[in-house]
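# Residue-level structure breakdown
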Amino acid sequence: MENTSPRELTPAERTTLDVLLAGDFPGAAELRAQAATAKVTGSCGCGCPTIDLVVDATTPQAEIAERVAVEADAPDGGLIVFVDEGRLSGLEYWTTTGETPAGFPAPDEIR
């Protein structure tokens, strides 16, 4: 990952994160509260849309024991929301093809 100065999420990044956190699962409410404050602090060097996140430390911490909070299918791969110590830490788009996705999939392509 390449570190960057903290920046706001793009509309596509925000939409993808919101879609993935919309479900009902343990810790979802806390992660949604964190997502509202999320900033991007790094991006993948290969050109894919995968990003590192940091959230406001005053938001509620999610009680999630696993690093992977949410997984979903996407075209030719999938999406993962990562959590470290109860805080959002990353959003990944992985693929099974040799093609590097230029951006996150449209919301209707996420399952």
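Let me begin by describing the structure that accompanies this report. None of these values were measured; they are calculated from a predicted model.

### Description of helix α1 (residues 11-20)
- Of the positions making up α1, those classed as buried are E13, T16, L17 and L20. Buried residues of α1 fall within an arc of 95 degrees about the axis and therefore sit on the same side.

### Some details on unusual backbone geometry
- The phi angle at D76 is positive, at roughly 60 degrees, despite the residue not being glycine.
- Along the chain, D76 turns up in the loop between β4 (68-74) and β5 (77-84).
- Phi is positive for E85, close to 50 degrees, though the residue is something other than glycine.
- As for its placement among the helices and strands, E85 is situated in the loop between β5 and β6 (87-95).

### Focus on the pairing of β4
- With six bridges joining them, β4 and β5 adopt antiparallel strand pairing. The residue of β5 that forms the bridge with D73 is G78.
- Turn length for the β4-β5 hairpin, with the two strands adjacent in sequence and antiparallel, is two residues, and the turn residue D76 shows positive phi of about 60 degrees.

### Some thoughts on the pattern of salt bridges
- For the structure shown, the criterion picks out three salt bridges.
- For E8, the salt bridge goes to K39, with nearest N and O atoms at 2.5 Å. Linking E8 in the loop between β1 (2-7) and α1 with K39 in strand β2 (residues 39-43), this pair joins segments that are 31 residues apart in sequence.
- Between D84 and R67 there is a salt bridge whose closest N-O contact spans 2.8 Å. Residue D84 is found in strand β5, and its partner R67 is found in the loop between β3 (51-54) and β4; the two are separated by 17 residues along the sequence.
- What makes D84 partly exposed here is its relative accessible area of 35%.
- Using a relative accessible area of 44% as the deciding quantity, one classes R67 as partly exposed.

Reading the values: the criteria
Residues numbered from 1 in each chain as written. Predicted model: local features only at pLDDT ≥ 70, side-chain atom pairs only at ≥ 80, totals over all residues. Heavy atoms only, no water. Buried < 20%, exposed > 50% of the residue type's maximum accessible area, 1.4 Å probe, protein only. Helix = DSSP H or I, 4+ residues; strand = E, 2+ residues; numbered from the N terminus. Arc of directions from axis to C-beta. Pairing = 2+ DSSP bridges. Salt bridge = Lys/Arg side-chain N within 4 Å of Asp/Glu carboxyl O.

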